[in-house]
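# Topology and contacts: notes
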Amino acid sequence: MRSRTMTLVFLGLCATTAFAQRTFVSVTGVDNATCSRSAPCRSFGAAVTAVAAGGEVVALDSGGYGGLTITKSISIIAPSGVYAGVTVASGTGITISVPAGIVTLRGLSINGVGGTTGIQVDSIGQLHVENTLISGLVSDAMLVNAATLFLVRDCVIRANAQGINIPNAASGITGMVERTRLDENTAAGATIRDNAAVDFSDTTFFNNTDGIVLIPASVGAIAFVNHCFFDRGSRGIVLQTTLDTTSATTVVGDSTFYHVNDPVHRGGIGSNTAFTFANNQFSGYSYTPTFDTILTLK
Amino acid sequence: MRSSFALLIFFAASIAVAQNRTFVSVNGSDVNPCSTTAPCRSFTAAASVVASGGDVVVLDSGGYGPVTISKPLSIIAPAGVYAGISVSGSSGILIDNVGAGVIVLRGLSITGIGGTNGIEMDYAQNLHLDHVDIRNFRNGSAVLMQSGYSDHEPHLVIRDSVFREVAYGVNVQSTVFGQSVSVDHVRFDMAYGTGIQLANNASVAVSNCIFHDGNRGVYATPTTGSVYVTVDQSEFTDLLTGVELYCTSSGSAHAWIGRSTFAASTAAIRSGPGALISFGNNQNEGPAVAWDQTIPLQ
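Residues numbered from 1 in each chain as written. Chains lettered and ligands numbered in written order. Predicted model: local features only at pLDDT ≥ 70, side-chain atom pairs only at ≥ 80, totals over all residues.

### Here we look at the overall build of chain B
Applied cut-off: Going along the chain from the N terminus, every DSSP run of H or I of four or more residues is numbered as a helix, and every run of E of two or more is numbered as a strand. The size measure is the radius of gyration over C-alpha atoms, and the globule rule it meets is 2.2 Å times the number of residues to the 0.38 power. Remark: C-beta atoms are placed from the backbone, and a residue is labelled buried if 20 or more other C-beta atoms sit within 10 Å of its own, exposed if 12 or fewer do, or partly exposed between those counts. Note on contacts: residues are paired as contacts if their backbone-placed C-beta atoms lie within 7 Å.
Counting its secondary structure elements, chain B contains two helices and 25 strands. Its C-alpha atoms give chain B a radius of gyration of 21 Å, within 12% of the compact-globule value 19 Å for 298 residues. In terms of principal-axis extent, the alpha carbons of chain B reach across some 80 × 40 × 35 Å. Out of the 298 residues belonging to chain B, those deemed buried represent 55%. In chain B, 60% of the contacts between residues at least 6 apart in sequence involve partners at least 24 apart.

Laid out in structure tokens, this is it:
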């Protein structure tokens, strides 16, 4: 009897210190050291602490699981059928700082009720944000300070000041935004600055003041726009350079601009270049879009 | 005895303080505080308790009853959960006295059982519908956008939805400031009737939609002011008319149509002031359209 109890205690300690490959949260859970399937935790924060690097945090049922800071490679997954909310009442909802790590966020609802930022990325090797709703943030839905690669797929980013905000970066940031809706963000759907290149595909911009703003400070920024729909708003793609050594570049193909007042805005004193595949549809604008180079379909 | 008194105080407090997230379940009760562990039974109860800008979340499949919404909020049924509203009265969801702010309805199934309209948007600035299935309103509208909000231009955004067996899919009434509608990846199976009806000063962007089996796909009938329509990558099949601009008195209407397919008795037709504009890349299996203008791709 004693030996069995001892063994159990020993196993328990092992499980605590070794970290689980998969941890769980539930609204009926209580934060504990293991966050196992049978004894789930109540918060993402506890489940992220308990999970092994490279492991998965899974939401078992619908509820709010709180904000968190991520400092190791993990996936946080709310499967279809589970609503996993993060309410951001102040500050930032999810902060990510994992140099060279891989983080996946899937199926979350991040709702700002007075908070500043939904997801703040301070460092990451690869970030995958999938099937996630980010809305109502006072400042940025996503603030990407540094990232080797970030992907936003099947998301809705709605009614924030900025959708995806990328400050001037010291080293290269590559982004891919696919099958996503950027709706009614009061400043811009995406703002891209130094050393960032972002590929937008199958993505709709509805009634943002600006769709995509390229405004690099000293080096350059690039936006590839393929099969996107820009629906109303003041400006579609903005190329704005502040130094004559700075370059802002966009390549636009197979896209539609409907009632965007200034579909391709060219400003600033540096080099800005707009390429087209000559297969885009423009209607209801006040300022005629101009392109520097027509790329031939092959 | 004392402890139950303390519980009473606790419940009273949780009801009095509006919550950022409330819950409904078929096992819930409306005397509950609509928390995740003590959910409510109806949308009406959960919507009254939730804070402005908060989320009402459906925990499991069932019917949750018609609801009147009078503040910004989201009602969310995650994928895998069926959240039904049966409508025998005038409107399944009435949105009124909201003013500014965003209302989101996601994952709902609204069925007419003698009722008039699925969703009625009156005094509200901003409504987003995601994954909403509305059917059997043969004398009314799946979505009726009233002219009640006259402070600014109101917005209606619909995506990934199905409207079936309705007299009108989306019925947009006239306003002074205009009504702005965006419809993406929506299927209209009208049985008879009209997909999208637009009155004075309305504008609509239609992308990736299918209009099937009815009188008209998109029908603009201004008597004053201007109506603007854009149609991209959509299909009009088994209809009398795909897109019809019918302008009388001082009303005018413009439609820009690209990358779309028509298998209708009449693909597109205009009477009165305005223009039918093609991007020259449509597929029309019926009689030729008298386009007023063809705009080259850029």
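### So, the overall build of chain A
Helices and strands together make up the secondary structure of chain A, namely two helices and 29 strands. Each principal axis of the C-alpha atoms in chain A carries an extent, and together these give about 85 × 40 × 35 Å. The 298 residues of chain A split such that 53% are buried.

### A few points about the nonpolar core
Threshold: The nonpolar core is taken to be a set of buried Ala, Val, Leu, Ile, Met, Phe, Trp, Tyr and Cys residues joined by way of C-beta atoms within 7 Å.
In terms of nonpolar packing, the biggest core is built from 177 residues, with Ala-47 of chain A together with Ala-46 and Ala-255 of chain B touching the most fellow members. With residues up to four places along the chain from it excluded, the contact list for Ala-46 of chain B reads Thr-22, Phe-23, Val-24, Cys-34, Cys-40 and Val-56 of chain B.

### Re the environment of Leu-127 of chain A
Residues and elements named next belong to chain A. Along the polypeptide, Leu-127 turns up in strand 9 (residues 117–130). A residue is classified by how many C-beta atoms lie within 10 Å of it, and Leu-127, with 25 of them, is buried. Each C-alpha atom of the pair Leu-127 and Val-103 lies 5.0 Å from the other, and the pair is 24 residues apart in sequence. Beyond its immediate chain neighbours, meaning those up to four positions away, Leu-127 contacts Ile-96, Val-103, Val-121, Ala-147, Phe-150 and Leu-151.

### Comments concerning unusual backbone geometry
In this structure, Asp-254 of chain A is a non-glycine residue whose phi angle is positive, near 55°. Positionally, Asp-254 of chain A belongs in the loop between strand 24 (247–253) and strand 25 (256–258). Positioned with a positive phi, Asp-213 of chain B is a non-glycine residue whose angle comes to about 60°. The residue Asp-213 of chain B is located in strand 17 (residues 210–220) in this model. On the neighbour-count criterion, Asp-213 of chain B (15 C-beta atoms within 10 Å) is partly exposed.

### A short note on the confidence of the model for chain A
To keep it simple, the criterion reads: Confidence scores per residue from the predictor, reported as pLDDT, run from 0 to 100.
Summary statistics for chain A give a mean pLDDT of 94 and a share of 94% for residues scoring 70 or more. Here residues 5–16 of chain A is a poorly scored stretch, pLDDT under 50, and it has four contacts once near neighbours within four places are set aside; other chains count.

### Considerations on the sheet that holds strand 25 of chain A
All names here are of chain A. What counts here: Strands were regarded as paired on the criterion that DSSP finds at least two bridges between them.
Taken in spatial order, the 10 strands make up an open sheet running 3-6-8-10-13-16-19-22-25-28, and their pairing is parallel. A single partner strand is all that each edge strand has here, and the edge strands are strand 3 (63–64) and strand 28 (281–283). As paired strands, strand 10 (residues 133–135) and strand 13 (residues 156–158) are joined by three bridges and run parallel to one another. By the bridge assignment, Ser-135 is partnered in strand 13 with Arg-158.

### Re the interface of chain B and chain A
Stated precisely, the cut-off is as follows: Only Asp, Glu, Lys and Arg are considered charged in this grouping, and only Ala, Val, Leu, Ile, Met, Phe, Trp, Tyr, Cys and Pro are considered nonpolar; every other residue, Gly among them, is considered polar.
Across the contact, 35 residues belong to chain B and 39 residues belong to chain A. Counting residues per element, the ones that place at least two in the side of chain B that touches chain A are strand 1 (19–24), strand 2 (50–58), strand 11 (124–130), strand 13 (155–172), strand 14 (179–189), strand 16 (202–207), strand 18 (226–232) and strand 20 (252–258) of chain B. Broken down by class, the residue content of the side of chain B that touches chain A amounts to 14 nonpolar, 16 polar and five charged.

### Quick notes on the environment of Asp-244 of chain A
All names here are of chain A. Residue position: Asp-244 is located in the loop between strand 23 (235–241) and strand 24. Along the backbone, Asp-244 and Ser-271 are 27 residues apart, and their C-alpha atoms lie at a distance of 6.5 Å. When neighbours within four sequence positions are excluded, Asp-244 is seen to be in contact with Ile-269 and Gly-270.

### Quick word on the environment of Thr-223 of chain B
Turning to its location among the elements, Thr-223 of chain B is positioned in the loop between strand 17 and strand 18. Along the chain, Thr-223 of chain B and Gly-272 of chain B lie 49 residues apart, while their C-alpha atoms are 9.9 Å from each other.

### Here we look at the confidence of the model for chain B
Confidence along chain B averages 93 in pLDDT terms, with 94% of residues attaining 70 or more. Low pLDDT, under 50, characterises residues 1–16 of chain B; the predicted model gives this stretch five contacts beyond four residues in sequence or across chains.

### A word on the pairing of strand 12 (residues 149–153) of chain A
Residues and elements named next belong to chain A. Residues of strand 12 alternate between two faces, with Phe-150 and Val-152 buried on one and Leu-149, Leu-151 and Arg-153 left unburied on the opposite face. Taken together, the five bridges between strand 9 and strand 12 define a ladder with parallel strand orientation. Within strand 12, the position partnered with Glu-130 by the bridge is Arg-153. When strand 12 meets strand 15 (residues 173–178), the two strands line up parallel, connected through five bridges. Pairing of Val-152 across the sheet is with Val-177, part of strand 15.

### What about the pairing of strand 8 (residues 99–106) of chain B?
All names here are of chain B. Of the pairings in the sheet, the one linking strand 5 (residues 74–76) to strand 8 comprises three bridges and is parallel in character. Residue Ile-76 lies in a different strand from strand 8, and its bridge partner there is Arg-106. Here strand 8 runs beside strand 11; their pairing, made up of six bridges, is parallel. Following the sheet pairing, Arg-106 is matched in strand 11 by Asp-130.

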